[in-house]
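Examination of the molecular architecture
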Protein chains: 2
Amino acid sequence: MITNIEKRCLDQGIKMTEQRRVIARVFAEAKDHPDVEEVYRRASLLDDRISIATVYRTVRLFEEAGVLERHDFRDGRARYEKISDEGQHDHLIDVKTGKIIEFQSDEIDRIRKEIAEKMGFRLIGHTLALYGVPLASKESE
Amino acid sequence: MITNIEKRCLDQGIKMTEQRRVIARVFAEAKDHPDVEEVYRRASLLDDRISIATVYRTVRLFEEAGVLERHDFRDGRARYEKISDEGQHDHLIDVKTGKIIEFQSDEIDRIRKEIAEKMGFRLIGHTLALYGVPLASKESE
DNA sequence: TTACGTGCAAAAGGTTTGCAATAAC
DNA sequence: GTTATTGCAAACCTTTTGCACGTAA
């Protein structure tokens with residue numbers, strides 16, 4: 001069975017190797033935002049002939065092809081997730097636990113675009129992450 | 001003459017050394033978003049008894065004290081700027097030139113806070129960077 | 001077949017840290 | 001005088017890369 005991500009890669013003219021197929025599958029099945037080490041771990045379970053250098057090369061390739069999105073959540077390594085058909089979302093990070101929660105806001109999407117255009121730019125990407133603590137929690141920082 | 005940043009550090013109970021004063025001065029005078037190498041370069045012009053390790057230690061200290069803000073603009077190193085009294089701004093990066101342009105939007109400030117609270121969090125920080133190309137420019141990516 | 005992808009290990013680039021010397025309070 | 005800070009160099013961690021080998025089309 002061919003994953004949606006693999007299809008997207010083929011559309012982009014990316015030559016599919018066994019390693020790339022495996023990494024595509026990892027992201028097709030992921031519901032979170034794994035870093036490269038974690039992708040390597042999961043890929044190795046499916047096929048142990050994969051090296052971490054290939055994972056690095058592949059996530060970069062997929063990112064440049066618009067198949068994956070890279071995130072920086074201030075923990076020192078890049079995290080990746082697939083770009084889904086149903087539009088993108090942003091993230092809120094619970095700084096107490098590190099948990100990453102997705103959200104989507106049409107209003108923010110609109111304003112971002114408006115601001116960029118008002119400044120004379122066409123928006124081609126963005127980074128938005130909110131960092132918060134649970135409202136119930138009383139710790140000051 | 002004592003800089004505003006130095007005053008802020010003293011308020012936070014930070015012990016001021018000559019090196020820290022020099023680094024505070026660099027940020028007091030900066031109108032941009034220097035990385036550590038650049039801070040080190042500017043600080044060295046004012047006082048050549050400074051090491052880059054101290055710059056790393058000091059920007060971290062200042063960041064934790066709420067005196068500096070750290071940014072990641074996808075170029076592989078951290079950039080810093082002072083937190084000014086007149087409220088914060090966000091950034092738009094011209095991906096053709098790397099130029100960083102500041103902007104401020106009360107509407108975005110409001111929505112960010114609303115979203116976090118609606119999700120059950122008190123917002124304590126955020127990252128927002130827009131990446132764009134000049135509207136005049138016709139390149140596709 | 002032929003260009004492209006891979007694994008390995010080494011290197012790069014940014015950042016942190018152990019330690020002995022130094023300076024602040 | 002005591003404790004924190006500094007400079008130096010080594011270590012760290014993530015990511016990239018050179019090269020010989022392997023593989024997809």
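This text follows the structure it describes.
Okay, so let's go over this structure. (Residues numbered from 1 in each chain as written. Chains lettered and ligands numbered in written order. Predicted model: local features only at pLDDT ≥ 70, side-chain atom pairs only at ≥ 80, totals over all residues. Heavy atoms only, no water.)

What follows deals with the layout of surface pockets. Residue and element names in this part refer to chain B. In this model, the second largest pocket occupies a volume close to 170 Å³. Lining the second largest pocket, in full, are Phe27, Ala30, Lys31, Asp32, Glu81, Lys82, Ser84, Glu86, His89 and Glu102. Among the residues forming the lining of the second largest pocket, the class breakdown is two nonpolar, two polar and six charged. (1 Å grid on protein atoms, 1.4 Å probe; cavity = no way out; pocket = protein on both sides within 12 Å on 5 of 7 lines; lining within 4 Å. Points joined across faces, edges and corners; volume = space filled by probe spheres on them. Nonpolar A, V, L, I, M, F, W, Y, C, P; charged D, E, K, R; others polar.)

Moving on, we come to the packing of helix α2 (residues 18-29) of chain A against helix α3 (residues 36-46) of chain A. Residues and elements named next belong to chain A. Two elements in contact, α2 and α3, have axes separated by 9 Å at closest approach and are oriented at 115 degrees. Judged on the interaxial angle alone, α3 and α2 are roughly perpendicular. The hand of the α2/α3 crossing is right-handed. Facing α2, whose interface residues are Val22, Ile23, Arg25, Val26 and Phe27, α3 presents Val39, Arg42, Ala43 and Leu46. Looking at the contact of α2 with α3, its residues break down into seven nonpolar, no polar and two charged. (Axes fitted to C-alpha atoms, helices over the stretch in contact; angles between N-to-C directions. Helix = DSSP H or I, 4+ residues; strand = E, 2+ residues; numbered from the N terminus. Parallel < 35°, antiparallel > 145°, perpendicular 65-115°, else oblique. Left-handed = near helix turned anticlockwise from the far one by under 90°. Contact = heavy atoms within 4.5 Å.)

Let's shift gears to the environment of isoleucine 124 of chain B. As for its position among the elements, isoleucine 124 of chain B is in strand β5 (residues 121-134). Separated by 11 residues in sequence, isoleucine 124 of chain B and lysine 113 of chain B place their C-alpha atoms 9.3 Å apart. With near-sequence residues (within four places) excluded, isoleucine 124 of chain B lies in contact with Val95, Tyr131, Gly132 and Val133 of chain A.

Overlay of chain A on chain B (RMSD 0.0 Å): rotation 180 degrees, translation along the axis 0.0 Å. Here the copies are linked by what is in effect a two-fold axis. Distance from the rotation axis, computed per C-alpha, reaches its smallest value in chain A at leucine 128 of chain A: 2.3 Å. Most of the interface of chain A is mirrored in chain B: 100% of its interface residues are interface residues there too. (Least-squares fit on C-alpha atoms with pLDDT ≥ 70 in both.)

Turning our eyes to something else, we now look at empty space enclosed by the protein. All names here are of chain A. Counted under the stated rule, the structure contains one cavity of 30 Å³ or more. In this structure, the largest cavity spans a volume of roughly 100 Å³. Forming the walls of the largest cavity are 13 residues, and the residues nearest its centre are His71, His91, His126, Thr127 and Leu128. Those elements that place two or more of their residues in the lining of the largest cavity are β1 (68-72), β3 (90-94) and β5 (121-134). Looking at side-chain class alone, the lining of the largest cavity contains three nonpolar, five polar and five charged residues.

A few words on the protein's contact with DNA strand D. In the vicinity of DNA strand D there are 19 residues, among which Thr17, Arg49, Ser51, Thr54 and Arg57 of chain B approach most closely. Atoms of DNA strand D within 4 Å of the protein belong to the sugar or the phosphate in 74% of instances, the rest to bases. With respect to DNA strand D, the side chain of arginine 60 of chain A contributes an N or O atom lying 3.5 Å from a phosphate oxygen. Isoleucine 50 of chain B has a polar backbone atom sitting 3.5 Å from a phosphate oxygen of DNA strand D. (Near = heavy atom within 4 Å. Polar contact = N/O pair within 3.5 Å; in protein donor to acceptor, adjacent residues only side chain to side chain.)

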